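Descriptive analysis of the structure
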Amino acid sequence: MEEPSPSDSRTSRRHFLDIILGASLLGWITSVAYPIVRYLKPLPQTGPTGPTHLTRDESGKLEQNKFVIVPVSGQRVIVLQSQDQLYAFGAKCTHEGCTITYLPGQSVMWCPCHDGRFDMNGRVLSGPPPQPLTKYIAKKQPDGTIVISEQHA
Amino acid sequence: MGWIDRRYQVTPLFEFLRHKEVPIGSHWMGWYYLGGVTMFFFVVQIITGVLLLMYYQPGEATSYESIRILTTKVPFGWLIRSIHSWSAHLMIVSLLLHMFSTMMLKAYRPPREITWVSGYLLFLLTLGFGFSGYLLPWNKLAYFATTVGTNIVKSVPLLGDWLLQVMRGGQDVSINTLYRFFAGHVVILPLAFVGVIGLHLLLIQRQGMAPPVGTTTAPRGMKFFPSFALRDLLLWLACLMLLITFAVFLPYGPGIPGMDWELGDKADPFAPAYPGIKPEWYFLWEYQLLKEFPPHLFGLEGPQICLFVIAILLGIWAIIPWLDRRAYRNLNSPAFTDFGWAAILFLTYLTLMGWDIGAKSGSDDPTSLQKSAHVCALWTLAAGAVVIIVRGWRFKHRWFILTGAALLQVAVHGLLGLPYLVAGVISAGAAFVIITAMFLLGRASRSSAG
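Bear in mind the structure is a predicted one, so any value in this text is a computation, not a measurement. (Residues numbered from 1 in each chain as written. Chains lettered and ligands numbered in written order. Predicted model: local features only at pLDDT ≥ 70, side-chain atom pairs only at ≥ 80, totals over all residues.)

**Digging into the overall build of chain B**
To keep it simple, the criterion reads: Each helix is a run of DSSP H or I of at least 4 residues and each strand a run of E of at least 2, with the numbering of both proceeding from the N terminus. In this treatment the radius of gyration is a C-alpha quantity, and the globule benchmark scales as 2.2 Å times the residue count to the 0.38 power. The exposure scheme places C-beta atoms from the backbone and then counts, for each residue, the other C-beta atoms within 10 Å of its own, assigning buried at 20 or more, exposed at 12 or fewer, and partly exposed in between. Two residues form a contact once the distance between their C-beta atoms, set from the backbone, is within 7 Å.
Helix and strand counts for chain B come out as 18 helices and 4 strands. Compactness check: chain B gives a C-alpha radius of gyration of 24 Å against a globular reference of 22 Å for 450 residues, within 12% of the reference. Across its three principal axes, chain B shows a C-alpha extent of roughly 75 × 70 × 45 Å. Relative to its 450 residues, chain B shows a buried fraction of 32%. Sequence-distant contacts, at least 24 apart, represent 71% of the contacts inside chain B between residues at least 6 apart.

**Some details on the overall build of chain A**
When helices and strands are tallied, chain A shows 2 helices and 10 strands. Its helices and strands in sequence order give chain A the pattern α-β-α-β-β-β-β-β-β-β-β-β, from N to C terminus. Here the C-alpha radius of gyration of chain A, 29 Å, is well above what a compact globule of 153 residues would show, namely 15 Å. If one aligns the C-alpha atoms of chain A with their principal axes, the spans along those axes are about 95 × 35 × 30 Å. Once local pairs closer than 6 in sequence are excluded, the contacts in chain A between residues at least 24 apart make up 36%.

**As for the sheet that holds strand E4 (residues 85-90) of chain A**
Backbone-to-backbone hydrogen bonds join strands into a sheet, with any given pair of strands oriented parallel or antiparallel. Residue and element names in this part refer to chain A. Heads up, the rule is: Following DSSP output, two strands are said to pair if at least two bridges run between them. Here an angle of 0 to 180 degrees is reported between the N-to-C directions of two axes, which are lines fitted to C-alpha atoms, with helices fitted over the stretch in contact.
Across the sheet, which stays open at both edges, the 6 strands sit in the order E1-E10-E9-E4-E3-E2 with antiparallel pairing between neighbours. The open sheet has two edge strands with one neighbour each: strand E1 (52-53) and strand E2 (67-72). Of the pairings in the sheet, the one linking E4 to strand E9 (residues 135-140) comprises 2 bridges and is antiparallel in character. Of the residues in E9, the one forming a bridge with Phe89 is Lys135. In the packing of helix H2 (residues 56-65) onto the sheet, the strands contacted are E2, strand E3 (75-82) and strand E10 (146-150), and the crossing angle to E2 comes to about 150 degrees.

**So, the interface of chain A and chain B**
Put simply, the rule is: Just so you know the grouping, Ala, Val, Leu, Ile, Met, Phe, Trp, Tyr, Cys and Pro go in nonpolar, Asp, Glu, Lys and Arg go in charged, and all remaining residues, Gly too, go in polar.
At the interface, 5 residues of chain A touch 8 residues of chain B. Counted by class, the side of chain A that touches chain B contains 4 nonpolar, no polar and 1 charged residues.

**A short note on the domain arrangement of chain A**
Heads up, the rule is: For every domain, the bounds stem from an assignment made automatically or drawn from a database.
By the assigned domains, chain A splits into domain 1 (1-41) and domain 2 (52-150). Summarising the inter-unit geometry, the C-alpha centres of domain 1 of chain A and domain 2 of chain A are found 57 Å apart.

**Brief notes about the domain arrangement of chain B**
Residue and element names in this part refer to chain B. You can read the domains of chain B as domain 1 (16-262) and domain 2 (333-450). Between domain 1 and domain 2, the C-alpha centre-to-centre distance is 29 Å. Residues belonging to the side of domain 1 that touches domain 2 are distributed by class as follows: 4 nonpolar, no polar and 1 charged.

**Looking at helix H10 (residues 224-249) of chain B**
Residues and elements named next belong to chain B. Note the following rule: Expected span of a helix, by definition, is 1.5 Å for each gap between consecutive residues, and there is one gap fewer than residues.
In a regular helix each residue adds 1.5 Å, so 26 residues correspond to 38 Å; H10 covers 36 Å between its end C-alpha atoms and thus fits that length. Along H10, the residues classified as buried are Phe228, Cys239, Leu243 and Ala247. Those residues of H10 that are buried are in contact with strand E1 (21-24), helix H3 (34-53), helix H5 (77-104) and strand E2 (220-223).

**A closer look at the packing of H3 of chain B against H10 of chain B**
Residues and elements named next belong to chain B. The cut-off we apply is this: An angle counts as roughly parallel when it lies under 35 degrees, as roughly antiparallel when it exceeds 145, as roughly perpendicular when it falls between 65 and 115, and as oblique in every other case. Note: crossing handedness is left-handed where the near helix turns anticlockwise from the far helix by less than a right angle, and right-handed where it turns clockwise.
Two elements in contact, H3 and H10, have axes whose closest approach is 10 Å; the angle formed by their N-to-C orientations is 50 degrees. Between H3 and H10, the crossing angle belongs to the class labelled oblique. Pair H3 / H10 crosses with right-handed handedness. Facing Gly36, Val37, Phe40 and Val44 of H3, the residues of H10 in contact are Asp232, Leu235, Trp236, Cys239 and Leu243. Partitioned by chemical class, the residues of the contact of H3 with H10 number 7 nonpolar, 1 polar and 1 charged.

**A look at the nonpolar core**
Filter applied, for reference: We define a nonpolar core as a collection of buried residues of the types Ala, Val, Leu, Ile, Met, Phe, Trp, Tyr and Cys that are connected via C-beta atoms lying within 7 Å of each other.
Among the nonpolar cores identified, the biggest contains 63 residues, and Ile83, Ala342, Leu345, Phe346, Tyr349, Leu350 and Ala406 of chain B are the most heavily contacted of them. The element best represented in this core is helix H15 (residues 334-354) of chain B, accounting for 11 residues. Mapped onto the domain boundaries, this core takes at least three residues apiece from domain 1 (16-262) and domain 2 (333-450) of chain B. The next biggest cluster of nonpolar side chains, apart from the first, holds 23 residues, and it includes Val72, Val77, Val79 and Ile146 of chain A.

**Things to note about the sheet that holds strand E5 (residues 101-103) of chain A**
Residues and elements named next belong to chain A. On the basis of which strands lie adjacent, the open sheet formed by 4 strands has the order E5-E6-E7-E8 and antiparallel pairing. Of all the strands in the sheet, the pair left with one neighbour each is E5 and strand E8 (124-126). Each strand of the sheet is rotated relative to its neighbour by a mean of 40 degrees, with strand direction disregarded.

**Quick look at the environment of Ala411 of chain B**
Residues and elements named next belong to chain B. Within the fold, Ala411 resides in helix H17 (residues 401-414). Take Ala411: there are 18 C-beta atoms within 10 Å of it, and that puts it in the partly exposed class. Along the sequence, Ala411 and His374 sit 37 residues apart, while their C-alpha atoms lie 8.6 Å from each other.

**Regarding the pairing of E4 of chain A**
Residues and elements named next belong to chain A. Summarising the sheet, E3 and E4 pair through 6 bridges and their orientation is antiparallel. The partner of Ser82 across the bridge, within E4, is Gln85. What sits between E3 and E4 in their antiparallel hairpin is a turn of 2 residues, with Gln83 showing a positive phi close to 50 degrees.

**Looking at the pairing of E9 of chain A**
Taken residue by residue, a regular strand's side chains alternate between the two faces of the sheet. Residues and elements named next belong to chain A. Relative to E10, E9 runs antiparallel, the two being bridged by 5 bridges. Directly across from Ile137, in E10, lies its bridge partner Ser149. Where E9 folds back on E10, the antiparallel hairpin that results is connected by 5 residues, among which Gly144 adopts a positive phi of roughly 100 degrees.

**Quick look at the packing of H15 of chain B against H17 of chain B**
Residue and element names in this part refer to chain B. Following both chains from N to C, one finds H15 and H17 inclined at 15 degrees, their axes separated by 7 Å at the closest point. Between H15 and H17, the angle falls in the class roughly parallel. Of the two elements, H15 crosses H17, and the hand of that crossing is right-handed. Seen from H15, the contacting residues are Asp338, Phe339, Trp341, Ala342, Leu345, Phe346 and Tyr349; seen from H17, they are Ile401, Leu402, Thr403, Ala405, Ala406, Leu407 and Val410. When grouped by side-chain class, the residues that make up the contact of H15 with H17 number 12 nonpolar, 1 polar and 1 charged.

**Thoughts on helix H16 (residues 366-394) of chain B**
Residues and elements named next belong to chain B. In this model H16 runs 41 Å from its N-terminal to its C-terminal C-alpha over 29 residues, within 8% of the 42 Å that 1.5 Å per residue would give. Those residues of H16 not exposed but buried are Ser372, Ala373, Cys376, Ala377, Thr380 and Gly384. Residues of H16 that are buried in the fold lie against H15 and H17. At the C-terminal side of H16, Lys396 shows a positive phi close to 55 degrees.

Written out as structure tokens, the structure is:
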């Protein structure tokens, strides 16, 4: 066994203090940063979830314009009517997130931001969008109201 | 480094900072740190203020509600609001200590007059921050306190009515007032404050801390870098820990009237006022002074005279560097040291009375007020006695005329029961007679000697 020289023990003492100091600094930064990080995280969205009935107003718009954009579980959903058939898709373009519109004359959904086009199955026809649109289920109830629900795989 | 230096010549700046020293002299070093502490609390205010802005929604239906959600639903929202409130109060405490310490140590003497005036402006801006921020949660207490507080500007000659409407955004305090106070609190005041504090700091860095009176260069110095700066940093850390301890354990304030920020009920312009509406503690002296003025005096309204008196006092405070002729020549000026203490005792007495010390809370009947004044007078006289003994014994001060006058007013009002203003006139008169007599005697002895 070799006796540690006095200078060695001084270095290791200093090293020990450095570690303690560094650890407490880290702990201090964490304890200051954590509340701020948590504070900045937005509160979860509250609102109705699950299948959504179109209001009378929304159904009227659908009749008139052949499409309407409604909230379903906090998401924008485009409901449209093409040859007496109801369709529903996520209205958020898969390219940069603009809200798409429906061109009844051409039976395509169109994103005006960067000229993306989707067919009646949500698939990309032309333009930059990389993914098809999310599909939703639109059903006409016996009483005439329209219900939109998420598609569960 | 070389790249920047060739373009912007920063080496002289670093050289300057490396040689900069803080004087170590005849008085306690601690006074030199108070400006830094005040600035630290201001930085905390900026950070927490920006965080609060991310949830606060000014508006009739949303101001109160958003603060309620902030403190009940948002993770750590209560903590951010609590830190902002605590830091505001602590900033004012350290600012007052800083201001009175620089005043009594005569740090305002040449060449630092502009530093004093800029610090004085920062003091007024800070009071503006406190006043405007108070209304933002749109709760009942803030609504009425702001109504009373803004009403004072009506007494400004000629411009009063216009000023009142500009401040309130209408005849009365309404949500429009809140919009104006919001703009002031988060944009106008911060911009002004940052500008003035920039000047204040520049002057201090350029000229260094004031050495003790009687010297131009301190006998010894402490290196600003790293010795003083590290001490600053350590103190700021201690302040942060103090702040967070208070904020966590007392999230709605210490429970002293004028220093609590429980949200309470939402403001309702159609609800009647109720007893116990008071401003924050640092405005209590003004609140109390307003109460001491009779409705009419010399053909003017009481509040007009009161505002005039306050303006005179604040005006004197602003131009002290030019009034203090002895400090101007770098000589001891015991009269101005005494003036500082007299000001503190004057404010103490009014604040204690504003706090209803010794009275049943909420009771406004004359005997209770008289009893309160009596108790407040005893406390103020005791404090005054301690101040005089310590100053005379420890610091060998011999000039107590203004402190004496302030205490005489306290005694005549609180113990003998004469009206506050009458007591003020008696003691001001007494001080005036004594000072004039001293001046004449001094001149006579000088001329006979010469």
